[in-house]
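Topology and contacts: notes
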Amino acid sequence: MDGLWLGDKILRLIRDKKEQTTEFVMQGSTTERHDYNFMIGKYRTLIEVEDEIKQILDKGEKNE
């Protein structure tokens with residue numbers, strides 16, 4: 001298993017989770033403030049993880 005392949009796969013999973021979270025919030029699937037705040041926190045966390053993985057992959061490409 002290639003590291004770039006794995007990184008790409010993880011990034012796709014993160015993008016899918018971000019999309020699901022966005023759809024959930026935009027459809028108004030929750031009316032509770034607590035649930036809304038949880039979903040926004042989840043989305044922000046996914047963005048942070050995605051950015052970290054991208055940085056790691058970029059550093060790996062520069063070192064090769």
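This text gives an overview of the structure that appears in the document. Keep in mind that this is a model prediction, so the values were computed, not measured.

**Considerations on the pattern of salt bridges**
Per the stated rule, a full pass over the model turns up four salt bridges. With a closest N to O distance of 3.6 Å, Arg-15 and Glu-50 form a salt bridge. Remark: Glu-50 occurs in helix H2 (residues 33-63) and Arg-15 occurs in helix H1 (residues 3-26); sequence separation between them is 35 residues. A residue is classified by how much of its surface remains accessible, and Arg-15, at 37% relative accessible area, is partly exposed. Judged by its relative accessible area of 5%, Glu-50 falls in the buried class. Through salt bridges with shared partners, one network takes in Arg-15, Lys-18, Glu-50 and Lys-54.

**Considerations on a nonpolar patch on the surface**
Taken together, the side chains of Trp-5, Leu-6 and Ile-10 define a hydrophobic patch exposed on the protein surface, amounting to about 280 Å² of accessible area. For Leu-6, the position within the fold is in helix H1. Accessibility expressed as a relative area gives 38% for Leu-6, which makes it partly exposed.

Conventions adopted
- All residue numbers refer to positions counted from 1 along the written sequence of the respective chain.
- In view of the model being predicted, local features appear only for residues whose pLDDT reaches at least 70, and side-chain atom pairs are presented and counted only at 80 or more, with totals across whole chains, interfaces and linings using the full set of residues.
- The side-chain values count all of the structure's non-hydrogen atoms but skip hydrogen atoms and water molecules.
- Salt bridges are identified by distance alone: a Lys or Arg side-chain nitrogen within 4 Å of an Asp or Glu carboxyl oxygen.
- Put simply, DSSP marks the helices as runs of H or I at least four residues long and the strands as runs of E at least two long, and each gets a number from the N terminus on.
- Relative accessibility under 20% of the residue-type maximum defines a buried residue, over 50% an exposed one, and the middle range a partly exposed one, all with a 1.4 Å probe and only protein chains included.
- Patches were defined on residues exceeding 30% relative accessible area and lacking a salt bridge, with like-charge contacts within 9 Å and nonpolar side-chain contacts (Val, Leu, Ile, Met, Phe, Trp, Tyr) within 5 Å.
- Residue burial considers only the protein chains on display, and all accessible areas are found by Shrake-Rupley using a 1.4 Å probe.

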